[in-house]
Every structure is written in structure tokens, then in C-alpha cells.
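One letter stands for each residue in the lines below.
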Amino acid sequence: MKIMWQNPDYYRKVSDGMKRAWQNEAVKQRMRMRPTHHRLNIVEKNPSPCLSYVLGAWYGDGTSYMTLRGKSKVYFTTLAVNDSDFAIAFAKALSEIIPRRHLSPLVPFYNEKSRRWYVALSSKDLYYFFHSGLTNHIPLISQYPVEFIRGLADAEGSVVFDRGNPIVVIGNTDRDLLSLAATLLKNLGIMSKIYTYKAKKHNRRDFSYLRILDRSNVHRYSDLVGFTIQRKMDRLARVYRSR
């Protein structure tokens with residue numbers, strides 16, 4: 001299947017649509033009266049599957065930062081990943097929680113030099129929402145735990161086999177984050193354990209792994225949560241072939 005932003009006709013249609021809109025005086029007036037661009041992107045903070053997925057993915061691979069453009073502060077959120085299907089899912093979920101009315105669609109782009117897919121958005125509201133802290137996000141996450149875990153696993157998860165036994169692993173430097181994921185998994189009937197490895201260098205952070213070890217738990221994880229990334233799902237499918 002050809003992804004729409006790999007299709008030159010997609011950009012041509014978007015460009016033509018924007019040109020037609022700009023010829024409309026009412027649209028032109030609204031555009032002139034708009035505040036700065038990052039204030040347009042207001043986050044819908046009601047609990048939803050998309051919001052939980054975005055939070056999980058952001059805690060895994062996302063970053064939000066402020067930079068100066070002239071004398072103005074600009075707030076960016078970015079996600080840089082290897083898998084196009086992950087970038088597509090993140091962009092789609094982000095578009096759901098930040099309706100981009102009258103704006104071009106939020107789509108990933110591929111960087112040939114880094115060989116990675118990127119999703120980038122300027123939003124002051126999103127920046128402060130992400131940096132409000134995990135404690136403030138838990139009430140939102142708890143409403144849709146499956147999507148949060150899937151987003152986190154898309155970013156930081158993998159499937160490994162130890163002597164033929166399947167293990168789902170999610171790694172992160174934030175043990176509290178993994179403890180939350182372990183609690184959410186337990187509520188779904190999926191048992192896991194967290195292992196922490198002390199950093200050997202003083203300028204490095206300790207790294208923790210959440211591991212779903214038992215075959216029955218891995219099966220349940222596959223049925224209830226899984227991955228958005230197809231290559232990870234293909235590897236997880238080996239669990240069923242090894243039954």
C-alpha cells in the first residue's frame with residue numbers, strides 16, 4: 001500500500017486546496033486574525049484511546065522542548081522512530097486530540113540522512129501538558145490502559161526468545177513509569193516483573209526492564225495489547241506458532 005505522503009498527488013491536492021481557500025476573503029480574514037501558530041494547537045484533555053496512546057508513545061520515544069525564534073518562544077513536540085507504521089499511528093492519534101481545523105494534515109516525514117521517520121508539531125499547550133508530570137496523567141491513562149501500554153511498547157518494547165520461551169520486554173530509565181505499566185498490566189490479568197540495572201558510569205542513569213515472562217502472560221498480552229508496529233507483531237506471532 002502506498003502511504004499518502006509518499007504520493008506526490010497528495011501534496012499537490014493539499015497545495016491546491018490551500019490556494020483555493022486563500023482566495024476566499026472570509027478565510028483570508030480568519031487567517032490574519034489568528035494568534036501565533038502554537039496557540040492554535042489546543043489539546044483535548046478528555047480521556048480517550050488516542051490520548052492514552054499518545055502519552056505512552058511520548059513517554060517512550062517523544063520529546064518536547066522550547067526554543068527561541070527571534071524574540072518569540074516556540075514549543076515543539078517531536079517523535080523520531082524507525083518504523084513508518086508507528087509514526088503514522090502517532091500522527092493519527094495526535095491529530096485526534098488536537099483538531100487541526102483549516103490546517104494541513106499532520107503527517108510524518110522521512111529523513112534520508114538519519115533514516116528515521118519524524119512527527120513534529122508546534123504547540124505550547126501540548127508542551128505544558130506533557131511536562132505536567134506522570135502523576136497528573138495517571139487519571140487519564142487509567143481510563144484507557146491498553147492504548148497507553150501499546151504506545152509505550154511501540155516505543156520501548158520488544159519480543160525476545162530465551163531458549164525458545166517468549167518474553168515481552170519494555171525498557172526505560174524511569175522505573176516509576178514501568179511500575180505504572182506493571183500495575184496496568186496486572187489489572188488486565190498480565191503478570192510482569194521489573195529488573196533494574198545500576199549504571200556503571202557516574203553520568204549514566206540506571207536502566208530498568210519490565211518483562212512479561214510466562215508464556216500464558218505473553219499470550220494474553222498478545223491478545224489484549226499487542227503492538228501497532230507490524231514487525232513486532234510478526235515476531236509476537238511466533239508465540240502462537242510455538243504453542
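Below is a summary of the structure that appears in this document.

Conventions we followed
Residues numbered from 1 in each chain as written. Predicted model: local features only at pLDDT ≥ 70, side-chain atom pairs only at ≥ 80, totals over all residues. Heavy atoms only, no water. Helix = DSSP H or I, 4+ residues; strand = E, 2+ residues; numbered from the N terminus. Buried < 20%, exposed > 50% of the residue type's maximum accessible area, 1.4 Å probe, protein only. Contact = heavy atoms within 4.5 Å. Areas by Shrake-Rupley, 256 points an atom, 1.4 Å probe, with all protein chains shown as cover. Pairing = 2+ DSSP bridges. Axes fitted to C-alpha atoms, helices over the stretch in contact; angles between N-to-C directions. Core = buried A, V, L, I, M, F, W, Y, C linked by side-chain atoms within 4.5 Å. Parallel < 35°, antiparallel > 145°, perpendicular 65-115°, else oblique. Left-handed = near helix turned anticlockwise from the far one by under 90°. Nonpolar A, V, L, I, M, F, W, Y, C, P; charged D, E, K, R; others polar. Patch = residues over 30% accessible without salt bridge, like charges linked within 9 Å, V, L, I, M, F, W, Y side chains within 5 Å. Salt bridge = Lys/Arg side-chain N within 4 Å of Asp/Glu carboxyl O. Arc of directions from axis to C-beta.

## What to know about the overall build of the protein chain
Secondary structure assignment for the protein chain yields 10 helices and 8 strands. For the protein chain, the residues scored as buried account for 40% of the 243 residues in total. Taking all contacts inside the protein chain whose residues are at least 6 apart in sequence as the whole, residues at least 24 apart take part in 66%. Here the protein chain displays about 14200 Å² of accessible surface, and carbon together with sulfur accounts for 50% of that area.

## A word on the sheet that holds strand 2 (residues 72-81)
Pairing in this open sheet of 4 strands is antiparallel, and the strands run 1-2-4-3 from one edge to the other. On the outer flanks of this sheet lie strand 1 (62-69) and strand 3 (109-111), each paired with one strand and no other. The mean inter-strand angle of the sheet, taken between neighbouring strand axes irrespective of direction, is 35°. Pairing of strand 1 with strand 2, which is carried by 8 bridges, proceeds in the antiparallel orientation. Counterpart to Arg-69 in the pairing with strand 2 is Ser-72. Packed on one face of the sheet, helix 3 (residues 49-61) meets strand 1 and strand 2 and runs near 75° to strand 1. Here helix 4 (residues 84-97) sits on the sheet and contacts strand 2 and strand 4 (116-122); the angle it forms with strand 4, its principal contact strand, is near 15°.

## Description of the nonpolar core
By size, the foremost hydrophobic cluster in this structure holds 56 residues, and its most contacted members are Leu-94, Phe-148 and Tyr-221. If one sorts the elements of this core by residue count, helix 4 sits on top with 8 residues. Aside from chain neighbours lying at most four places away, what touches Leu-94 is Val-54, Leu-106, Leu-121 and Leu-126.

## What about the packing of helix 6 (residues 134-141) against helix 8 (residues 175-187)?
Two numbers describe how helix 6 lies on helix 8: the axes approach to 12 Å, and their chain directions differ by 20°. The orientation of helix 6 with respect to helix 8, classified from their angle, is roughly parallel. The two elements helix 6 and helix 8 cross, and the hand of that crossing is right-handed. Contacts between helix 6 and helix 8 involve Leu-134, Ile-138 and Ile-141 from the first element and Asp-176, Leu-177, Leu-180 and Leu-184 from the second. Tallied by class, the residues present in the contact of helix 6 with helix 8 amount to 6 nonpolar, no polar and 1 charged.

## Examining a nonpolar patch on the surface
Judged by side-chain polarity, Tyr-195, Tyr-197 and Leu-213 come together as a nonpolar surface patch covering roughly 260 Å² of accessible area. Within the fold, Tyr-195 resides in strand 7 (residues 193-197). Residue classification places Tyr-195 among the partly exposed residues on the basis of a relative accessible area of 30%.

## Overview of helix 6
Listed as buried for helix 6 are Leu-134, His-137, Leu-140 and Ile-141. End-on view of helix 6: buried residues confined to an arc of 105°, all on one side of the axis.

## A look at the pairing of strand 2
Most of strand 2 sits out of view: 8 of its 10 residues are buried. From the end of strand 1 to the start of strand 2, which pair antiparallel, there are 2 residues, and Gly-70 there has a positive phi angle of about 70°. Relative to strand 4, strand 2 runs antiparallel, the two being bridged by 6 bridges. When the bridges of strand 4 are listed, Ala-80 appears paired with Tyr-118.

Functional significance is not addressed by these values, which are geometric in nature.
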